[in-house]
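Coordinates in review
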Amino acid sequence: MKKLIVLAAFALAACSTGGTATAQFDDEQQSDISCMKHQEQTPGKEYFDEGNWDTVVSLSILRYYTSNGAKPYCDGRSATEADQGWRELYVRMGAEQNNLR
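Summary of the structure given here.

Before going further, it helps to spend a moment on the packing of helix α2 (residues 55–68) against helix α3 (residues 81–92). Between α2 and α3, the least distance of the axes is 10 Å, while the angle of their chain directions is 105°. Judged by the angle between their axes, α2 and α3 are roughly perpendicular. Mapping the contact onto sequence places Ile 61, Leu 62, Tyr 65 and Thr 66 in α2 and Asp 83, Trp 86, Arg 87, Leu 89 and Tyr 90 in α3. Classifying every residue of the contact of α2 with α3 by side-chain character gives six nonpolar, one polar and two charged.

Following this line, the structure appears as structure tokens:
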């Protein structure tokens, strides 16, 4: 059900931005994880416009980084450019920077 809600939210976001494809955030299905995998897509500038914030997507990002942001990446490397983009968005949404490693 969560997947369906998130997919629907992204479909609505794509429609509201003129049909352009938007990056998708991978919340790893909100699983209990011991390490994070790298995000495959960098958030576009539309994500940083508060007018475009979708509650379901925003809560997914906030929940994921609040629960997992201090965990290492599974490959032992540091955050990629895509990861940094989502982390920046997380803080822009009002979350605490100290929740991130």
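What follows continues from the structure just given.
All right, on to α3 then. Compared with the 16 Å implied by 1.5 Å per residue over twelve residues, the 16 Å span of α3 between its first and last C-alpha is a close match. Those residues of α3 that are buried are in contact with α2. Once α3 finishes, Gly 94 follows within two positions and takes phi at roughly 105°, a positive value.

Overall, the coordinates contain one disulfide when judged by the stated rule. Note on cysteine connectivity: Cys 35 is disulfide-linked to Cys 74, with sulfurs 2.0 Å apart. Residues Cys 35 and Cys 74 are joined through a disulfide that is right-handed, its torsion about the S-S bond being 95°. Of this pair, Cys 35 sits in the loop between α1 (2–16) and α2 while Cys 74 sits in the loop between α2 and α3; the two residues are 39 residues apart in sequence, bridging distant segments of the chain.

Calculation rules
- Residues numbered from 1 in each chain as written.
- Predicted model: local features only at pLDDT ≥ 70, side-chain atom pairs only at ≥ 80, totals over all residues.
- Heavy atoms only, no water.
- Axes fitted to C-alpha atoms, helices over the stretch in contact; angles between N-to-C directions.
- Helix = DSSP H or I, 4+ residues; strand = E, 2+ residues; numbered from the N terminus.
- Parallel < 35°, antiparallel > 145°, perpendicular 65-115°, else oblique.
- Contact = heavy atoms within 4.5 Å.
- Nonpolar A, V, L, I, M, F, W, Y, C, P; charged D, E, K, R; others polar.
- Expected span 1.5 Å × (residues − 1).
- Disulfide = S-S within 2.5 Å.

None of this, on its own, says anything about what the molecule does.
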